[in-house]
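Listed here are the chains, written in short residue letters.
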Amino acid sequence: MNSLASFDAIVVGAGPAGSSAALHMAQNGMRVALLERGDSPGNKNMFGGAIYTEPMMEIVPDFLQEAPLERNVTRDSLWFLDMDSAVEVGFTGLRFGKPPYNKITVLRPQFDRWLANKAVQAGATLQTKAVVRDLLYEKRTLGRGRVKGVILDDGSAAEADLVILAEGVVASITKKAGLVKPTPANLLSLWIREVISLPKEKIEDRFLLEKNEGAVLAMVGYPTTQAIGLAGIFTNRDSISLTLGMSIDKIARNRVAIPELLTRLKEHPYVRRLIAGGKSEAYAAHMIPHGGKAAQPKFYDDGLMVAGDAAIMVSGRRGSDLAMLSGKAAAETAVHARAKQDFSAAILKGYKGRLNHTFFMKNIQQAKDTVKYYDNHSDADYLLNTAINELAYEFFRAGMVTDKEKVQRMARLVLDKQAPAKTVYDLFIGLQNWGVL
């Protein structure tokens, strides 16, 4: 790409948000460049491993017939995991194993390449190993004018009426543009994922699944009791994605080594049984932004919009589908702007209006209180998890006491931990944070 290249729109980042934006602009006749700094889309990214059918149909209606999909999730569980026990809260819905399904596990490198290729098939130009160094601005006597393209790391430039930044959580160009302040460590979490291959028959046997059915297990407590965190298992066709993560500030404060915690998780008696005989195939690490609406950037400026992780489109366990929907909303705004031949902030403001009417922006609004609560009560997950497991041991123990004495013992277990009201509130906040509420 050289300085003579010119487009209607340039999208920075070929993740779910960027590819979604490029796809929908190209489908509407816009000349689009999709710039990806990696060797290929998805080779540096990860997520837990599931996409959601209803939002995905908004992006690619026929994705069930086209996308590289793994398993249709019929079993969804939350484990309160302790040293030698687990309290499981979950649901198995066999109806979700039939079209149109509910959510489906995927492997991010394959999925991202497919979605970026959909944008290419629609007419977008994909450029990999394209590192954007800065935005290109119109020259003015005083200050800088509107955005009119990007400057690449090799010094070349590409011009466009509009730039959409879908550059991910680091969001260096978004920060340079003055749309967002540096993100504090307590609003970033670091996640690691290991893909472990297993024969599909073993996966189906161990997770009580039939052909093409999948399971998602979220785990709190062990092994992340040093700090508030979350782990998970996602079943793929012939592999398991094992994930674990927590906030950056808690990693630093508690001197946590995430790879060591992942190893510890694999050694847990229950987890060990699920992955026994598996072969490690791949590792990946990724940061995820949090913080709710207060942490989000300004979504637009003259000739500029921000989508996906760069715009902190994350709510509980959902991120990739929200990124794609935000990318589509940016694309719809871009198509409207091109029709009016006006890419000013006054027109692109419509993007914020589109976002504010979505279900996920209402959910994101609640995230600020969750982060603040965990900053003030960093032991919440530990206390809640141990209390639940000790209560379960007491409840299921076949001793020689009356039912009344058993209830009294269970009450003392809770009171010895903390006030019952706080335990209930810890559970409520936790369910929000884990994406259950």
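Note: the structure precedes this text.
Structure report, in brief. Predicted model only: the values in this text are computed from it and were never measured.

1. Description of the overall build of the protein
- When you go through the protein residue by residue, the secondary structure sums to 16 helices and 17 strands.
- Within the protein, buried positions represent 54% of all 437 residues.
- The contacts in the protein between residues at least 6 apart in sequence include a share of 71% that link residues at least 24 apart.
- Here the protein has roughly 19,700 Å² of accessible surface; of this, 52% comes from carbon and sulfur atoms.

2. Observations regarding the packing of helix α10 (residues 320-340) against helix α11 (residues 345-356)
- Contact geometry for α10 and α11: axes closest at 9 Å, N-to-C directions at 150 degrees. Relative to α11, the element α10 lies roughly antiparallel. For the pair α10 and α11, the crossing hand works out as right-handed. Counting all contacts with α10, which are made through Ser326, Ala329, Ala330, Glu332, Thr333, His336, Ala337 and Lys340, the residues of α11 involved are Ile347, Leu348, Gly350, Tyr351, Arg354 and Leu355.
- The class makeup of the residues in the contact of α10 with α11 is seven nonpolar, four polar and three charged.

3. A look at the pattern of salt bridges
- Within the structure shown, the criterion is met by 15 salt bridges.
- In this structure, the salt-bridge partner of Lys118 is Glu66, at a minimum N-O distance of 2.6 Å. Taken together, the residues span a long stretch of sequence, with Lys118 in helix α4 (residues 108-121) and Glu66 in helix α3 (residues 63-66) at a distance of 52 residues.
- Using a relative accessible area of 16% as the deciding quantity, one classes Lys118 as buried.
- Look at Glu66 and you get partly exposed, because its relative accessible area is 34%.
- Residues Lys103 and Asp76 are paired through a salt bridge, measuring 2.4 Å at the closest nitrogen-oxygen approach. One end of the pair, Lys103, is in strand β6 (residues 103-105); the other, Asp76, is in strand β4 (residues 72-81), and 27 residues separate them in sequence.
- Classification of Lys103 as buried rests on a relative accessible area of 6%.
- One connected set of salt bridges, linked through shared partners, spans Glu58, Lys328, Glu332 and Arg354.

4. What to know about the side chain of Thr386
- Secondary-structure assignment places Thr386 in helix α14 (residues 380-396).
- Taking the relative accessible area as the measure of exposure, Thr386 reaches 6% and is therefore buried.
- Aside from chain neighbours lying at most four places away, what touches Thr386 is Asp82 and Lys417.

5. Quick look at the pairing of strand β1 (residues 6-12)
- Across the seven residues that make up β1, a large majority, six, are buried.
- Bridge count for β1 against strand β10 (residues 157-165) is six bridges, and the pairing is parallel. Counted as the bridge partner of Ser6 is Glu159 from β10.
- Note: β1 against strand β2 (residues 32-35), four bridges, orientation parallel. Residue pairing across strands places Ile10 opposite Ala33, the latter belonging to β2.
- Considered for its hand, the β-α-β crossover made up of β1, helix α1 (residues 16-27) and β2 is right-handed.

The rules behind each value
Residues numbered from 1 in each chain as written. Predicted model: local features only at pLDDT ≥ 70, side-chain atom pairs only at ≥ 80, totals over all residues. Heavy atoms only, no water. Helix = DSSP H or I, 4+ residues; strand = E, 2+ residues; numbered from the N terminus. Buried < 20%, exposed > 50% of the residue type's maximum accessible area, 1.4 Å probe, protein only. Contact = heavy atoms within 4.5 Å. Areas by Shrake-Rupley, 256 points an atom, 1.4 Å probe, with all protein chains shown as cover. Axes fitted to C-alpha atoms, helices over the stretch in contact; angles between N-to-C directions. Parallel < 35°, antiparallel > 145°, perpendicular 65-115°, else oblique. Left-handed = near helix turned anticlockwise from the far one by under 90°. Nonpolar A, V, L, I, M, F, W, Y, C, P; charged D, E, K, R; others polar. Salt bridge = Lys/Arg side-chain N within 4 Å of Asp/Glu carboxyl O. Pairing = 2+ DSSP bridges. Right-handed = clockwise from strand over helix to strand, strands pointing away.

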